[in-house]
Amino acid sequence: MVSIRRSVSAFVAVAIGVTLVAAATLLLASGRPQVPDRLARAAVVVQSPEAGASADSFVPTRPWSATATAGLVGRLAALPGVAAAVPDRTFYAQPLVDGRPAASDTHEGHGWSSAQLGGLRLMAGEPPRRPGEVVVGRALGLRTGAPVTLLTAVGAESYTVTGLVDGPGIHVADEVAATLAPGVRAIGLVFTADADTERVATAARGIVGTDGRVLTGDARGALEPRNDARTRWIGMQVLTATAALAGFVTVFVVASTFAFTIAQRRRELGLLRAVGATGRQVRRMVYGEALVVGASGGIVGLLVGGGLAPLLGWLLVDAGFEPSTFRVTYEPWPVALSLVAGPVISLLAVWSASRRAARVRPLEALREAAVEQRPIGRLRVATGALLVAVGVALSVGTATADEARVAGQYALYAVMALVAGATVLSPAVVGPVVRLLRSPVRRRGGAIGMLVRGGALTATRRTASTAAPVLLTVAFAVLVSGMVRTTTAAYAAGRADNVNAGWIVLPDRAPGLSDQAVAATGGTALLPTTVFRTDPGTAPADRPLTALGVDPAGFAAANRALTVVAGSLDDLRGDDTVVVTASANLRPSEPYAVVFADGTPVSLRVVAVVTDASLPGDLLVPRAVVRTHDPSALTSTVYVRDRIAPPVGARIVDVTTWAAEADAAEDRLVWLFTLLLIGVSAGYGAIAVANTLLLAAAGRAADLRLIRMAGATRRQVVWLVTAESALVVLIGALLGGAVAFVGLLSIRAGLAEQVGAPVDLVVPWSVVAGVVGLCLLLAVLASVLPTWRSLRHRPARSSVGVAG
């Protein structure tokens, strides 16, 4: 029969685990790409060809050139049921308010024709018809006829507001948009009243062929802004990792709980064996208890997780892990998965404990001693050794990984394997650790210290089961927080060392710097753009690359990492030259064909080859070439020698600050993610330790009363259980810290190889101390409170019997 008191720890662990799994999967199911509002009224949208990039690169599709766009628009507009085919031209445009860029979520301008694709209505005034006229959103607070200054890639320009619409956006005349925007990436179809969507879409696919994709319905979510897509992808990684960690930790904690429970029930199980129960029947009984606990905990977790999902979704949006368009929806598959997760997790967790329960001998019913005489089995030793070997192998992979992301994945898997291995082998490790602490315990603890040490040595399985959640919690806290801080510091230092400048000019409240702002600085600027290249002999998909428009002399002077292996950077001039990295496997004078942002294919000539670490991009071209083919490109960085007054839309910082801020947005998200993972593991560990010690305190009530009968005061007994709890937390913290330290050493070795310089190991001790302190606090409370309650009255001497 299932004991409620003994099952509460496992029930709580399963319920919390399923809560996290349910909430995470519900949020994952809700994370579908959303159709942009500005294209929502176009039932059919033709998108330019996808670029052959990884799923997490978030580069735009390869644009159509002006000629290709005109041809497609003409053929699509002639289809039956199509009233108009509208090319959506997009360019950078941001209003200036009080001489500074307006704080706004949108920095995009469009041609006026695009307004009909989103169903925008003109609330006042009239459409823009000539240069210098603009229609803006009513929320901007401007009136028709009022002047407004727009910041574009060229610089600040004066416009007159001719109309107001009922949504966000900046709209200029179509002819003006054609000069400000690069190539077209979407063409929306406006239907007549009697048009059939599927018929039009089928006909459009016949026209477009392989030169694009025809999107309808929810598939139009592929058109969402790249920043939103990237944010949504980050959120999916967070939710996936949270669900995976929740499942792993739940199995881990429930397994420890059942192992502890089985150790407490040895006499009960021995009695069952004595009256004729077979090992298989005992195992079946344990599995039945686990199934009940898992099913009930799963139902509770599903209900709680489903109720918390909207709140968690709002928190994800507020923290920047999901775009503002994110909405929680309830899908069937997360519900089904959550219902199955509880029983499955419990059955997986109880496997080892059930085998141990089946091996209990009938004579255990007659044994009163708490001494664990049987050592851990050979299978367990072999399993633990194998897990440790896998963890060490993954640590080596971490140290030799070429990319930080791959190294981080290896490190996480390595620590998971090492944690599992240390947990499996922990009964064999507890003894040596306790003996290592023998001298300080004996010197400072007196009789209480002797009892604490003796209890830990005679009940190593119980000690190991209680210390296991602390081991897991501390290992993840040390590894994840140390990995993030070490990586951030290493890359910031390497980035600063590569720059030969006194100050850096950066955008302020704008996505980039205009040409006007760059000219005012007099420094060396980087003008990035995305180009597309099809490598000879590869698949037809285009490969997106980051091209930097630079002045070669200034770039060479500002970049300490620049190493030319062939050719000369001085030859980077004209409109057909390029500098590539060594990984391109090209030599000077060889051709290099690319498609620029305006959709124009250009054959460039390689004039120099540099090492891969020389560029913060993939290739260099003259700055004028980027501006010719991408009229909306914005400068990301300007290097200057001396401090200057920053121009409009810019700010100036020193090199150290720039290096620390370069990935500040990503670093913030990563650190929030880190704290989330630590919070999940720490919460689990603390709850598991507390529940396990509550069970231990209840099971030891008779032993503690016997100690009182021997002459100990209630205060001394409380100190005894406090010291035992502290020892358990200390053992778990030492083992967890050792496991994480192995992972951090491998991460540091990999980072040193990547940045080419020594890397300091950074561990946020405040986070680690907080995690250990939480476990210690709950462990002490969970053991002291029931002990104090059970010893409120001194037991009578006759209440203690002697087993005969």
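Residues numbered from 1 in each chain as written. Predicted model: local features only at pLDDT ≥ 70, side-chain atom pairs only at ≥ 80, totals over all residues. Heavy atoms only, no water.

A. The overall build of the chain, seen in detail. Helix and strand counts for the chain stand at 20 helices and 23 strands. Relative to its 804 residues, the chain shows a buried fraction of 49%. When contacts within the chain are restricted to residue pairs at least 6 apart in sequence, long-range pairs at least 24 apart make up 81% of them. Entry remark: accessible area of the chain is about 36,100 Å², with carbon and sulfur atoms responsible for 60%. (Helix = DSSP H or I, 4+ residues; strand = E, 2+ residues; numbered from the N terminus. Buried < 20%, exposed > 50% of the residue type's maximum accessible area, 1.4 Å probe, protein only. Contact = heavy atoms within 4.5 Å. Areas by Shrake-Rupley, 256 points an atom, 1.4 Å probe, with all protein chains shown as cover.)

B. Seen up close, helix H7 (residues 279–319). With 41 residues, H7 extends just 52 Å between its outermost C-alpha atoms, more than 12% less than the 60 Å of an ideal straight helix rising 1.5 Å per residue. Its maximal kink placed at alanine 309, H7 deviates by approximately 40°, while the proline proline 310 follows within four residues. Of the residues flanking the end of H7, it is glycine 320, one or two places downstream, whose phi is positive at about 95°. (Expected span 1.5 Å × (residues − 1). Bend = angle between axes of the 7 residues up to and from the residue.)

C. Spatial organisation of the environment of leucine 727. Along the chain, the position of leucine 727 falls in helix H19 (residues 714–755). By relative accessible area, leucine 727 is classed as buried at 10%.

D. Main features of the confidence of the model for the chain. When pLDDT is averaged along the chain, the result is 82; 85% of the residues meet or exceed 70. Per-residue pLDDT, averaged within each element of the chain, yields its smallest value for helix H11 (residues 438–458) (58) and its largest for strand E21 (residues 619–622) (96). In the model, residues 368–373 has pLDDT below 50 throughout and makes 9 contacts with residues more than four positions away in sequence or in other chains. pLDDT under 50 marks residues 798–804. Its contacts with residues more than four places away, or in other chains, come to 3 contacts. (pLDDT = per-residue confidence, 0-100.)

E. View of the pattern of salt bridges. The full count for this structure, using the stated rule, is 14 salt bridges. Between glutamate 108 and arginine 38 there is a salt bridge, and its shortest N-O distance comes to 4.0 Å. Taken together, the residues span a long stretch of sequence, with glutamate 108 in strand E6 (residues 108–111) and arginine 38 in the loop between helix H1 (4–29) and strand E1 (44–47) at a distance of 70 residues. Classification of arginine 38 as partly exposed rests on a relative accessible area of 28%. The closest approach of N and O atoms between arginine 130 and glutamate 133, which form a salt bridge, is 2.7 Å. Exposure remark for arginine 130: the relative accessible area of 47% places this residue in the partly exposed category. (Salt bridge = Lys/Arg side-chain N within 4 Å of Asp/Glu carboxyl O.)

F. Highlighting the packing of aromatic side chains. Under the criterion given, the structure shown has 1 aromatic pair. When the centroid spacing of 6.4 Å and the interplanar angle of 90° are considered together, the rings of tyrosine 639 and tryptophan 658 count as edge-to-face. Placement of the pair is tyrosine 639 in strand E22 (residues 637–640) and tryptophan 658 in helix H16 (residues 655–661), with a sequence separation of 19 residues. Tryptophan 658 shares its class with tyrosine 639; the two are buried. (Phe/Tyr/Trp six-rings, centres within 6.5 Å; stacked < 30°, edge-to-face > 60°.)

G. Region of the structure containing the pairing of strand E15 (residues 524–533). In terms of residue burial, E15 counts as a mostly covered element, since 8 of its 10 residues are buried. Looking at chain direction, E15 and E22 are connected through 3 bridges and run antiparallel. Counted as the bridge partner of threonine 524 is tyrosine 639 from E22. In this structure, E15 lies alongside strand E16 (residues 543–550), joined through 7 bridges in antiparallel fashion. Its bridge partner lying in E16, arginine 533 is registered against arginine 543. (Pairing = 2+ DSSP bridges.)

H. Examining the side chain of serine 614 more closely. By the secondary structure assignment, serine 614 is in the loop between strand E20 (601–610) and E21. Among the residues examined, serine 614 registers a relative accessible area of 1% and is labelled buried. Within polar-contact distance, the side chain of serine 614 engages the backbone nitrogen of threonine 563 at 2.9 Å. Discounting residues that sit within four places of it in the chain, serine 614 has contacts with Phe555, Asn559, Ala561, Leu562 and Thr563. (Polar contact = N/O pair within 3.5 Å; in protein donor to acceptor, adjacent residues only side chain to side chain.)

I. Examining the sheet that holds strand E12 (residues 186–191) more closely. Spatial strand order, E2-E12-E1-E13: 4 strands in an open sheet with antiparallel pairing. The open sheet terminates on both sides in strands that have one partner only, identified here as strand E2 (82–87) and strand E13 (213–216). When strand polarity is set aside, the average angle formed by the axes of neighbouring strands in this sheet is 25°. Pairing of E1 with E13 involves 4 bridges; the strand directions are antiparallel. Across the sheet, the residue bridging to glutamine 47 is arginine 213, located in E13. Against the sheet, helix H2 (residues 66–77) contacts E1, E2 and E12, and its axis sits at roughly 165° relative to E2. (Axes fitted to C-alpha atoms, helices over the stretch in contact; angles between N-to-C directions.)

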